[in-house]
Structure formats: C-alpha cells, structure tokens
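A look at the structure
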Amino acid sequence: AFQRLVADDDVFRSTLEILDVATGDVAVVLTMPGAQVVLAPRWAPDGQRIVVEAIELAEPSLEADLVGGGIGVVDLAAGTAVVDMIVPLTTFAQSPDWSPDGREITWGETPFLSAARTLVQAIVENPISDTVHVNARFMIHPFTMACRRL
C-alpha cells in the first residue's frame with residue numbers, strides 16, 4: 001500500500017493505493033475528501049486492514065497550513081473503503097503502526113505542535129542574525145489504541 005498526492009493548478013487529490021507486485025496493477029482504494037491527505041499506510045498482520053495517518057490542511061494546496069492530524073483504519077473487507085478515524089484530527093497524531101498480533105495500534109503525538117510550528121515559522125521568516133540557535137526539542141509520545149502511554 002502507498003499514498004499518492006497529486007497537486008497542480010486544478011487538481012489536489014490524495015489517494016491510498018495498492019500495488020499488486022505479481023501483475024504490476026495499481027488499484028486506488030480510496031480518495032480523501034477536499035483538503036485531507038492520507039499518509040504512512042501500514043498493513044495489519046491479517047492483511048485486511050491498513051492503518052493510516054490522516055492530515056487536514058486549511059485548503060487544498062501544498063502551501064496551506066496544517067489544521068490537524070489523526071489516525072484512521074481502512075477496512076479492505078468492507079464494501080466501500082473509508083478511513084474510520086480512531087484518533088481525531090485535533091490530536092495531531094502521527095506515525096501509526098500495528099502490534100505484531102494486530103490487536104493494538106501505536107502512534108505518536110507531538111504536544112504543542114501548532115505552537116512549535118508557529119515558532120519555527122517566525123524564526124525562519126524573521127531571522128535575527130546569520131546564526132539562529134533554537135533551544136527546543138520535540139517529543140513524540142507513543143500510545144496504544146487503549147490510549148495507554150508506552
């Protein structure tokens with residue numbers, strides 16, 4: 001499984017696709033709505049589900065600000081493939097993956113992502129000198145589906 005993003009003057013489309021390595025055929029599993037983008041697909045051990053990171057942009061443009069990010073599951077055995085969000089877009093969750101037995105999903109959350117992104121943008125847009133020292137660190141806290149922090 002892989003994600004594809006097509007962005008040009010008239011088109012902004014994010015898709016989740018599957019490549020059949022035996023035939024070389026590519027099937028589009030789903031197309032995300034509007035300014036949403038699907039990222040980081042990971043197969044479940046059962047081969048029937050894919051966990052993804054879904055992000056939402058302020059508008060359908062590569063220049064748009066990030067509005068949110070969450071985690072969803074695509075059930076390939078269902079009649080119509082949709083992203084069933086298990087962690088809301090407001091959490092800025094990222095980097096999902098399955099446990100080896102497929103019973104749990106882990107992901108990370110970056111606290112204060114919006115504030116950190118604004119700070120970095122401000123430093124880049126308004127440099128004080130040729131050398132900028134930023135004393136900051138980003139922590140990604142892994143969680144399980146039961147919202148237990150690892």
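To keep things clear, this report deals only with the structure shown in the data block. (Residues numbered from 1 in each chain as written. Predicted model: local features only at pLDDT ≥ 70, side-chain atom pairs only at ≥ 80, totals over all residues. Heavy atoms only, no water.)

**Observations regarding the sheet that holds strand β3 (residues 26–31)**
Keep this limit in mind: Two strands qualify as a pair provided DSSP detects at least 2 bridges between them. A run of H or I in DSSP counts as a helix once it spans at least four residues, and a run of E counts as a strand once it spans at least two, with each numbered from the N terminus. Angles shown run from 0 to 180 degrees and are taken between the N-to-C directions of axes, each axis being a line fitted to C-alpha atoms and, for helices, limited to the stretch in contact.
Read from one edge of the open sheet, three strands run β1-β2-β3, paired in antiparallel fashion. At either margin of the open sheet sits one strand with a lone partner, and together these are β1 (2–7) and β3. Taken pair by pair, the neighbouring strands of this sheet meet at an average axis angle of 35°, ignoring direction. Bridge count for strand β2 (residues 12–19) against β3 is five bridges, and the pairing is antiparallel. Bridge pairing links leucine 19 to valine 26 in β3.

**Notes on the nonpolar core**
Quick reminder of the rule: Put simply, a nonpolar core is a bunch of buried Ala, Val, Leu, Ile, Met, Phe, Trp, Tyr and Cys residues held in one set by side-chain atoms that sit within 4.5 Å of each other. Burial classification: accessible surface area is computed with a 1.4 Å probe over protein chains only, and a residue below 20% of its type maximum counts as buried, one above 50% as exposed, and the rest as partly exposed.
In terms of nonpolar packing, the biggest core is built from 10 residues, these being Leu16, Leu30, Met32, Val38, Ile50, Val52, Ala54, Val74, Val83 and Leu89. Ranked by size, the runner-up nonpolar core spans nine residues in total, among them Val51, Ile71, Val87 and Ile105.

**Some details on the sheet that holds strand β4 (residues 36–43)**
Here four strands make up an open sheet; going across it, the order is β4-β5-β6-β7 and the pairing antiparallel. Every other strand in the sheet has two partners, leaving β4 and β7 (83–87) as the edge strands with one partner each. Geometrically, the sheet is characterised by an average inter-axis angle of 35° between neighbouring strands, direction not taken into account. Note: strand β6 (residues 66–75) against β7, four bridges, orientation antiparallel. In the sheet register, valine 73 faces β7, and the bridge partner there is aspartate 84.

**Considering the environment of arginine 42**
Stated formally: Should any heavy atoms of two residues lie within 4.5 Å, those residues are considered in contact.
Mapped onto the elements, arginine 42 comes out in strand β4. The sequence separation of arginine 42 and phenylalanine 2 amounts to 40 residues, and the corresponding C-alpha distance is 8.7 Å. Beyond its immediate stretch of four places on either side in the chain, arginine 42 contacts Arg49, Ile50, Val51, Pro96, Asp97 and Trp98.

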